[in-house]
Amino acid sequence: MPEPERVVLLDDHGRPAGTALKSEVHGQDTPLHLAFSCYLFDEAGAVLVTRRALTKRTWPGVWTNSFCGHPGPGEELPEAVHRRAREELGATVRDVSCEIPGFRYRAIDASGIIENEICPVHTAVIDGDLEPDPSEVSEWAWVRPEDLRAAVEAAPFAFSPWLVEQLPQLTPGTGPPR
């Protein structure tokens with residue numbers, strides 16, 4: 001049986017301050033912890049957006065960036081990005097780059113669960129096919145970055161709060177060269 005997933009707790013300055021079980025950390029008093037977001041691009045420059053599975057504990061059914069995760073204790077962020085791409089999307093990625101290293105947010109979903117994360121934002125390029133895990137992703141689409149920006153501007157309530165905050169901070173041409 002695999003070990004339960006642990007997250008890295010952080011102090012207010014972003015320094016590691018212990019660990020906790022992922023299953024116990026997200027609630028109505030979520031401590032600050034380390035996470036990451038990743039925007040996955042294809043060779044044509046399209047970005048993958050995913051709809052969180054309806055069975056997810058937080059933000060079920062919400063459209064968001066390509067994938068997210070939590071690095072484990074002692075796990076480097078690029079390594080965690082590669083691991084979560086395999087786990088969540090069944091994908092191999094390359095050219096992982098940290099675009100917004102200090103991104104931090106706090107948000108409350110409709111059920112009252114709080115996210116409280118320092119969440120460096122990465123980009124990567126897909127290297128193969130997608131086989132999303134249905135317990136993580138219910139739908140997905142490859143879209144032009146400018147179309148994603150327009151959709152978020154027109155209907156921010158349809159997207160995860162972290163995507164809404166991250167997208168304006170990403171360089172408009174972020175992604176592989178065309």
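Residues numbered from 1 in each chain as written. Predicted model: local features only at pLDDT ≥ 70, side-chain atom pairs only at ≥ 80, totals over all residues. Heavy atoms only, no water.

> How would you explain the overall build of the protein chain if you had to name every residue and give the values?
What the protein chain contains, in helices and strands, is four helices and 12 strands. Along the longest, intermediate and shortest principal axes, the C-alpha atoms of the protein chain span 45 × 30 × 30 Å. Per-residue burial over the protein chain gives 51% buried out of 178 residues. Put simply, of all contacts in the protein chain between residues at least 6 apart along the chain, 66% involve residues at least 24 apart. Per element, the accessible surface of the protein chain, about 8900 Å² overall, is 53% carbon and sulfur. In the protein chain, which carries 16 positive and 28 negative side-chain charges, the distance between the mean positions of the two groups comes to 3 Å. (Helix = DSSP H or I, 4+ residues; strand = E, 2+ residues; numbered from the N terminus. Buried < 20%, exposed > 50% of the residue type's maximum accessible area, 1.4 Å probe, protein only. Contact = heavy atoms within 4.5 Å. Areas by Shrake-Rupley, 256 points an atom, 1.4 Å probe, with all protein chains shown as cover. Lys, Arg positive; Asp, Glu negative; His and termini not counted. Charge placed at Lys NZ, Arg CZ, Asp CG, Glu CD.)

> Provide a residue-level description of the packing of aromatic side chains, including the pertinent values.
Evaluation of the coordinates by the stated rule reveals four aromatic pairs. A centroid spacing of 6.3 Å and a plane angle of 80° characterise the contact between Phe 36 and Phe 67, whose relative ring orientation is edge-to-face. Taken together, the residues Phe 36 in strand E4 (residues 36-41) and Phe 67 in strand E7 (residues 67-69) connect sequence positions 31 residues apart. In this structure Phe 36 comes out as buried when scored by relative accessible area, which is 0%. An aromatic cluster of at least three residues, connected via ring pairs, comprises Trp 59, Phe 103, Tyr 105 and Trp 162. (Phe/Tyr/Trp six-rings, centres within 6.5 Å; stacked < 30°, edge-to-face > 60°.)

> Pulling in residues and values, what's your account of the environment of Pro 161?
With respect to the helices and strands, Pro 161 occurs in helix H4 (residues 161-166). The spacing of Pro 161 and Asp 109 is 52 residues in sequence and 8.9 Å in space, taken between C-alpha atoms. Setting aside anything within four residues of it in sequence, one finds Pro 161 in contact with Trp 59 and Ala 107.

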